[in-house]
Amino acid sequence: MDQMLTLMQIAALTIAGMCHALLGSIKVPLARKLEIDETRVGGLVSVFGFTLIPMVFVAGFLVDFVGKQSVLGGGFVLLMISLIMLSMLKTYRAAFLAVLVLGTGWSALVNVLNVTSPPAFVPPEELPARMAYAMNMGDFIFGMGAFIMPILITLLMRKIGFKSALLSIATLGMVPLLLGFGVNW
């Protein structure tokens, strides 16, 4: 089992879970910042979900053409860009674009992370017999990322404000991105 893959997988799944829960975690401050009602914020959350449908499909083809590391790295770059955009936005249109970028980056991540969970958490000689364990381990880590996001973003926003909180989360995306360079793909 590749230890660097396991470390990268843990970091990447945590960040992916956090970004999946992001919009729900910031919807109230986002509505205040943009001076929009709950319906329009709900629209942004819907855009995220809708973006996943075509982009997960596209990411699958990209993995075949350019490889897992490129798609995963590109996904993290897009996530970081979307968080930077969200931290600086002033209009609903900018928020809409940031959410499209977030959904596209997230789609790239999950496309790779779903197939790299088995070798990250179970030695090859134990697969496929322990496939359920490997997938459940990945789901657990992803779920923990989603669980901690509302708590983390609330604490960060109270201490350093909306913009700095999102920029801090964007910076966390560097961890799995850099770890990915050490993985033997």
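Quantities reported herein were computed from a predicted structural model and do not represent experimental measurements. (Residues numbered from 1 in each chain as written. Predicted model: local features only at pLDDT ≥ 70, side-chain atom pairs only at ≥ 80, totals over all residues. Heavy atoms only, no water.)

Chemist: Run through a nonpolar patch on the surface, naming residues and quoting values.
Modeler: A cluster of nonpolar residues, Phe57, Val58, Phe61, Leu62, Phe65 and Val66, forms a patch on the protein surface that exposes about 630 Å² of accessible area. With respect to the element layout, Phe61 can be found in helix α3 (residues 38-66). Overall, Phe61 belongs to the partly exposed group, its relative accessible area being 43%. (Patch = residues over 30% accessible without salt bridge, like charges linked within 9 Å, V, L, I, M, F, W, Y side chains within 5 Å. Areas by Shrake-Rupley, 256 points an atom, 1.4 Å probe, with all protein chains shown as cover. Salt bridge = Lys/Arg side-chain N within 4 Å of Asp/Glu carboxyl O. Helix = DSSP H or I, 4+ residues; strand = E, 2+ residues; numbered from the N terminus. Buried < 20%, exposed > 50% of the residue type's maximum accessible area, 1.4 Å probe, protein only.)

Chemist: Hey, could you go over the environment of Leu83 for me, with residue numbers and the actual values?
Modeler: Within the element layout of this structure, Leu83 appears in helix α4 (residues 68-88). Linking Leu83 and Phe181, residues 98 residues apart in sequence, is a C-alpha distance of 22 Å. Sequence-distant contacts of Leu83, that is, excluding residues within four places in its chain, are made with Cys19, Leu22, Leu166, Ile169 and Ala170. (Contact = heavy atoms within 4.5 Å.)

Chemist: Could you give an account of the pattern of salt bridges, with specific residues and numbers?
Modeler: Taken as a whole, this structure holds one salt bridge when the rule is applied. Measuring nitrogen to oxygen at the nearest pair gives 2.6 Å for the salt bridge that ties Arg130 to Glu126. You can call Arg130 partly exposed: its relative accessible area is 33%. A relative accessible area of 29% means that Glu126 is categorised as partly exposed.

Chemist: Before we move on, could you go through α4 and cite the residues and values that matter?
Modeler: When the terminal C-alpha atoms of α4 are compared, their 30 Å separation across 21 residues agrees well with the 30 Å that a helix rising 1.5 Å per residue should span. The secondary structure elements touched by the buried residues of α4 are α1 (3-20), α2 (22-34), α3, α5 (92-121), α7 (162-172) and α8 (174-180). (Expected span 1.5 Å × (residues − 1).)

Chemist: Give a detailed account of the packing of aromatic side chains, specifying residues and quantitative values.
Modeler: Summed over all chains, the structure comprises three aromatic pairs. Ring centres of Phe57 and Phe61 lie 5.0 Å apart, and the angle between their planes is 80 degrees; this geometry places the pair in the edge-to-face category. A residue pair is termed a helical-turn pair when its members lie 3 or 4 positions apart in one helix, as Phe57 and Phe61 do in helix α3 at four residues. With relative accessibility at 57%, the residue Phe57 sits in the exposed group. Through pairs of rings, three or more aromatic residues link up here, namely Phe48, Trp106 and Phe142. When the ring centre of Tyr92 is taken as reference, the NZ or CZ atom of Arg40 above it lies at 3.8 Å. Over the aromatic face of Tyr133 sits the side chain of Arg130, whose NZ or CZ is 4.4 Å from the ring centroid. (Phe/Tyr/Trp six-rings, centres within 6.5 Å; stacked < 30°, edge-to-face > 60°. Lys NZ or Arg CZ within 6 Å of the ring centre and 35° of its normal.)

Chemist: So what about the environment of Met55? Which residues, and what values?
Modeler: Relative to the helices and strands, Met55 resides in helix α3. Given the relative accessible area of 24%, Met55 is considered partly exposed. As for Met55 and Phe121, which are separated by 66 residues in sequence, their C-alpha atoms are 26 Å apart.

Chemist: Tell me about the packing of α2 against α5, residues and numbers included.
Modeler: Relative to each other, α2 and α5 sit at 165 degrees, their axes nearing to 12 Å. Our classification of the angle between α2 and α5 gives roughly antiparallel. Crossing of α2 over α5 shows right-handed handedness. Taken together, the residues of α5 that come into contact with α2 (itself represented by Leu22, Leu23 and Leu34) are Tyr92, Ala95, Val99 and Leu102. Partitioning the contact of α2 with α5 into residue classes produces seven nonpolar, no polar and no charged. (Axes fitted to C-alpha atoms, helices over the stretch in contact; angles between N-to-C directions. Parallel < 35°, antiparallel > 145°, perpendicular 65-115°, else oblique. Left-handed = near helix turned anticlockwise from the far one by under 90°. Nonpolar A, V, L, I, M, F, W, Y, C, P; charged D, E, K, R; others polar.)

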